[in-house]
Amino acid sequence: MSAVPLARPSSSGVAPGDAPDDGFRVHLSNFEGPFDLLLQLISRHKLDITEVALSRVTDEFLAHIKAAGSSWDLDQTSQFVVVAATLLDLKAARLLPSGEVEDPEDLALLEARDLLFARLLQYRAFKEVSAYLAGTLEDQARRFPREVGLEPRFARLLPEVTLTITPEHFAALAAKALAPKQAEVLSLAHLHAPAVSVREQARLIVDRLRRSPALSFRALTGDSPNRVTTVARFLALLELFREGAVAFEQVTALGELTVRWTGSSEGELDISDEFDVAPTPSEDHR
């Protein structure tokens, strides 16, 4: 196919004014001119997409961007990436087998309409909307609200104020609105919960396990009056395990935890008091 010049509307079917020159021109063996014109020729079936070397077009655009240096246009670059991706999808659809069709021309027409035309309309819509928003913002930036009262001819149109409540009711509403609000009180009860001794809970657990050598953790903590006591009994079990007085069994992960007594049947156990001693100020600061 011979090269399609920009100044030949008879060979391309597109007048030169239809595709504005955005600064980036394509130089191929079968086409030479602005990138927008190449896109229009492909969309109007004046140029076969399979005969366009998209890799060469990409190389030329990269060279165009590098030549622009620090003044390269981000909007132009973004548009090229999207359009090039569209052309690549269209070319892949034309080259790859797509099943049996009765009329290949109809398939090509559907591909061009659904894949290329829709996106071209999207680009045009976004450009027109962005131009409209930019122009509107510029126009409205020169407008300022007029901070004056109503003109007399409009003030006369306002309805008369009609009060439907009695003075006593209005006074009651005013007293309620002007009454001082009661300050909200944040409860600190949770900060002053009674301390639970781990040693005492350990003695309770030892007594129960000596009477029943195997109990579940649920049974040992079922009568806990609060969560703090449950935690204290858990810590007591850890202390007993460290002393070798109990053993744990759990058949399945996250299943029932069974506690077995392995210590002596009588005598006192020396349980650490590290959980029952209040921290010193220096330790609390750390």
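Located above this text is the structure these notes cover.
Residues numbered from 1 in each chain as written. Predicted model: local features only at pLDDT ≥ 70, side-chain atom pairs only at ≥ 80, totals over all residues. Heavy atoms only, no water.

**Things to note about the overall build of the protein chain**
Then, in step 1: Assigned secondary structure in the protein chain consists of eleven helices and five strands.
Then, in step 2: Across the 286 residues in the protein chain, those meeting the buried criterion constitute 23%.
Then, in step 3: Taking the contacts inside the protein chain whose residues are at least 6 apart along the sequence as the reference set, 60% of them involve residues at least 24 apart.
Then, in step 4: On the protein chain, roughly 21000 Å² of surface is accessible, and the fraction owed to carbon and sulfur atoms is 58%. (Helix = DSSP H or I, 4+ residues; strand = E, 2+ residues; numbered from the N terminus. Buried < 20%, exposed > 50% of the residue type's maximum accessible area, 1.4 Å probe, protein only. Contact = heavy atoms within 4.5 Å. Areas by Shrake-Rupley, 256 points an atom, 1.4 Å probe, with all protein chains shown as cover.)

**Focus on the packing of aromatic side chains**
Then, in step 1: Scanning all chains against the criterion turns up two aromatic pairs.
Then, in step 2: A ring pair is formed by Phe217 and Phe234, whose centres lie 6.3 Å apart and whose planes are at 90°; its orientation type is edge-to-face. Here the residue Phe217 occupies a position in helix H9 (residues 217–221), and Phe234 occupies one in helix H10 (residues 227–242), the gap between them amounting to 17 residues.
Then, in step 3: Residues Phe241 and Phe248 carry aromatic rings whose centres are separated by 5.1 Å and whose planes lie at 15° to one another, so their mutual orientation is stacked. (Phe/Tyr/Trp six-rings, centres within 6.5 Å; stacked < 30°, edge-to-face > 60°.)

**What to know about helix H3 (residues 54–68)**
Then, in step 1: With 15 residues, H3 extends 21 Å from end C-alpha to end C-alpha; this agrees with the ideal 21 Å at 1.5 Å per step.
Then, in step 2: Every buried residue belonging to H3 is among Leu54, Val57, Glu60, Phe61 and Ile65, and all of these are buried. Take H3 and look down its axis: the buried residues cluster within an arc of 140°, on one side only. Away from its buried face, by an angle of more than 90 degrees, H3 presents the exposed residues Ser55, Lys66 and Ala67. (Expected span 1.5 Å × (residues − 1). Arc of directions from axis to C-beta.)

**Topic: the sheet that holds strand S5 (residues 258–261)**
Then, in step 1: Read from one edge to the other, the open sheet built from three strands follows the order S3-S5-S4, with strand pairing classed as antiparallel. The open sheet terminates on both sides in strands that have one partner only, identified here as strand S3 (214–216) and strand S4 (246–249). Looking at each pair of strands side by side, their axes are set apart by 25° on average, direction ignored.
Then, in step 2: Pairing of S3 with S5, which is carried by three bridges, proceeds in the antiparallel orientation. Within S5, the position partnered with Ala214 by the bridge is Arg260.
Then, in step 3: Each of S3, S4 and S5 is contacted by helix H8 (residues 198–211), which is oriented at about 80° to S5, the strand it contacts most.
Then, in step 4: Where H10 meets the sheet, it contacts S4 and S5, and its direction lies at approximately 110° from that of S4. (Pairing = 2+ DSSP bridges. Axes fitted to C-alpha atoms, helices over the stretch in contact; angles between N-to-C directions.)

**As for the environment of Thr221**
Then, in step 1: Secondary-structure assignment places Thr221 in helix H9.
Then, in step 2: Each C-alpha atom, one on Thr221 and one on Ile205, is 9.4 Å from the other, the two residues being 16 residues apart in sequence.
Then, in step 3: Once residues within four sequence positions are removed from consideration, Thr221 is found in contact with Thr230 and Arg233.

**Some points on the pairing of S5**
Then, in step 1: Side chains of S5 alternate between two faces, with Val259 and Trp261 buried and Thr258 and Arg260 left unburied.
Then, in step 2: Where S4 lies against S5, four bridges are found, and the strand directions are antiparallel. If you follow Glu249 over to S5, its bridge partner there is Thr258.

**Looking at the side chain of Thr229**
Then, in step 1: Positionally, Thr229 belongs in helix H10.
Then, in step 2: Side chain to side chain, Thr229 and Asn226 meet in a polar contact 2.7 Å long.
Then, in step 3: Not counting residues within four places of it along the chain, the set of residues in contact with Thr229 comprises Val196, Gln201 and Ser224. (Polar contact = N/O pair within 3.5 Å; in protein donor to acceptor, adjacent residues only side chain to side chain.)

**Side note on the nonpolar core**
Then, in step 1: Among the nonpolar cores identified, the biggest contains 22 residues, and Val26, Phe35, Leu38, Ile42, Val52, Val57 and Leu87 are the most heavily contacted of them.
Then, in step 2: Of all the secondary-structure elements, those providing two or more residues to this core are helix H2 (35–43), H3 and helix H4 (74–95).
Then, in step 3: What Leu38 contacts, discounting residues up to four positions off in sequence, is Val26, Phe31, Leu47, Val52 and Val57.
Then, in step 4: Counting residues in each nonpolar core, the second largest holds 15 residues, with Ala202, Ile205, Ala236 and Leu240 among its members. (Core = buried A, V, L, I, M, F, W, Y, C linked by side-chain atoms within 4.5 Å.)

**Quick word on a nonpolar patch on the surface**
Then, in step 1: A grouping of Leu150, Phe154, Leu157 and Leu158 is seen on the molecular surface, where their side chains present a nonpolar patch of about 440 Å² in accessible area.
Then, in step 2: Here Leu158 shows up in the loop between helix H6 (152–155) and helix H7 (167–178). (Patch = residues over 30% accessible without salt bridge, like charges linked within 9 Å, V, L, I, M, F, W, Y side chains within 5 Å. Salt bridge = Lys/Arg side-chain N within 4 Å of Asp/Glu carboxyl O.)

**A closer look at the pattern of salt bridges**
Then, in step 1: What the rule picks out here adds up to nine salt bridges.
Then, in step 2: Asp139 is the salt-bridge partner of Arg142, the closest N and O atoms lying 3.1 Å from each other.
Then, in step 3: A salt bridge links Arg260 to Glu249; the nearest nitrogen and oxygen atoms lie 2.7 Å apart. Of this pair, Arg260 sits in strand S5 while Glu249 sits in strand S4, placing them eleven residues apart in sequence.
Then, in step 4: Residue classification places Arg260 among the partly exposed residues on the basis of a relative accessible area of 35%.
Then, in step 5: For Glu249, a relative accessible area of 38% translates into the label partly exposed.
Then, in step 6: What you see here is one network of salt bridges that share partners, running through Arg208, Asp223 and Arg233.

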